[in-house]
Amino acid sequence: MTVMVIVGLLMTMIVAIILPMMRSQNRTQAKLDTVQSAAVALYRIQRDLRQTYYDGTWACTTGSSASCTQPTTFGTTSAIAFPSAYKNGIGQFQLQTSGSSAGQPNWQGVMVYWIDSTGDLRWAFDPAPTGFTDEHVTSTTAAKAVADATTGVVTGTEIAANVQQLAVAIDLTKPNIISLEMQAQSTENGSVNKTTYRSDVLGRNN
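Residues numbered from 1 in each chain as written. Predicted model: local features only at pLDDT ≥ 70, side-chain atom pairs only at ≥ 80, totals over all residues. Heavy atoms only, no water.

1. Brief notes about the sheet that holds strand β2 (residues 68–69)
Pairing is antiparallel in the open sheet, where six strands are placed in the order β2-β1-β3-β4-β5-β6. The open sheet terminates on both sides in strands that have one partner only, identified here as β2 and β6 (157–160). Relative to β6, strand β5 (residues 121–126) runs antiparallel, the two being bridged by three bridges. The residue of β6 that forms the bridge with Leu 121 is Ala 160. Across the sheet, helix α2 (residues 139–150) touches β1 (58–60), β2, β3 (79–84), β4 (109–115) and β5, and the angle it forms with β4 is around 60 degrees. (Pairing = 2+ DSSP bridges. Helix = DSSP H or I, 4+ residues; strand = E, 2+ residues; numbered from the N terminus. Contact = heavy atoms within 4.5 Å. Axes fitted to C-alpha atoms, helices over the stretch in contact; angles between N-to-C directions.)

Below you can see the structure in the form of structure tokens.
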């Protein structure tokens, strides 16, 4: 009996030591999953925003009746939309080759980033939403691009999983600055990690 009691005490001590170590590993893995997933998405959105006009960036709702506003402060949004000069949204950056605007971006369409119903961050490029002419993307044009992207009119592609929040803001007192905020979440064996990323991007000015 004495031996059994001693063995029981030893097993209890071992479990008490090992269990927190195992949980710590799960928390670390959850953190890594979140960081890796969101870092790739953040880099890509930053790259796109640097090449667009700061005052052509819109925060939008999703779905067939999407609506867009130009945010001056952070507020959780479902999608962001802005003009892009990248061919097909991901190809070579296009420049005008003649006339008084030679060397300026040759705008190709509207880029849309949004969080879908499962919490995944997706992107789509709409080359010709209603009302698109050049860099002058109105709220109506941005909303049409978002509607096209989120209802499947144009193809969407996932770039990050478990993104909980997406927000963008423009400080009109500091032209060219586009502020971006994103929150990602990861769960590993019951351990949950949330990480918020924020970045100020220098965009183009008209």
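Moving on, there is more to tell.
2. Topic: unusual backbone geometry
Despite not being glycine, Asn 88 shows a phi value in the positive range, around 60 degrees. Examined against the element boundaries, Asn 88 turns out to sit in the loop between β3 and β4.

3. With respect to α2
Because the α-helix completes a turn every 3.6 residues, residues three or four places apart line up on one side. Spanning twelve residues, α2 covers 16 Å between terminal C-alpha atoms, matching the ideal 16 Å at 1.5 Å per step. Every buried residue of α2 is accounted for by Thr 141, Ala 142, Ala 143, Ala 145, Val 146, Ala 147, Asp 148 and Ala 149. Those residues of α2 that are buried lie in contact with β1, β2, β3, β4 and β5. Gly 152 sits one or two residues past α2 and shows a positive phi near 90 degrees. (Expected span 1.5 Å × (residues − 1). Buried < 20%, exposed > 50% of the residue type's maximum accessible area, 1.4 Å probe, protein only.)

4. Digging into the packing of aromatic side chains
Scanning all chains against the criterion turns up three aromatic pairs. Between Tyr 53 and Trp 107, the aromatic rings sit 5.4 Å apart at their centres with planes inclined by 40 degrees, giving tilted as the arrangement. In this pair, Tyr 53 is assigned in the loop between α1 (2–50) and β1 and Trp 107 in the loop between β3 and β4, connecting sequence segments 54 residues apart. According to the relative accessible area criterion, Tyr 53 is buried, its value standing at 10%. Trp 107 sits in the buried class, given a relative accessible area of 8%. In this structure, Arg 44 packs its charged tip against the face of Trp 123, placed 4.2 Å from the ring centre. Its guanidinium or amino end placed over the ring of Tyr 86, Arg 47 lies 4.2 Å from that ring's centre, counting from NZ or CZ. (Phe/Tyr/Trp six-rings, centres within 6.5 Å; stacked < 30°, edge-to-face > 60°. Lys NZ or Arg CZ within 6 Å of the ring centre and 35° of its normal.)

5. Section: the pairing of β3
Residues in a regular strand point their side chains to alternate faces of the sheet. Of all six residues in β3, six are buried; the element is thus mostly enclosed. Two elements, β1 and β3, share three bridges in a ladder whose sense is antiparallel. Counterpart to Trp 58 in the pairing with β3 is Ala 81. Here β3 runs beside β4; their pairing, made up of six bridges, is antiparallel. Counted as the bridge partner of Phe 82 is Met 111 from β4.

6. Description of the nonpolar core
Ranked by size, the top nonpolar core spans 27 residues in total, and within it Ile 80, Tyr 113, Leu 121 and Met 182 carry the most contacts. Only α1, β3, β4, β5, β6, β7 (163–170), β8 (177–188) and β9 (191–202) provide two or more residues apiece to this core. What Met 182 contacts, discounting residues up to four positions off in sequence, is Ala 38, Ala 41, Leu 42, Leu 121, Val 163, Gln 165, Leu 166, Thr 195, Thr 196 and Tyr 197. By size, the runner-up hydrophobic cluster in this structure holds 24 residues, among which are Trp 107, Ala 142, Ala 143 and Ala 147. (Core = buried A, V, L, I, M, F, W, Y, C linked by side-chain atoms within 4.5 Å.)

7. Digging into the environment of Phe 82
Tracing the sequence through the fold places Phe 82 in strand β3. Distance in space between the C-alpha atoms of Phe 82 and Gly 109 is 8.5 Å, their sequence separation being 27 residues. Not counting residues up to four positions away in its chain, the partners in contact with Phe 82 are Asp 48, Leu 49, Thr 52, Gly 56, Thr 57, Gly 109, Val 110, Met 111 and Tyr 113.

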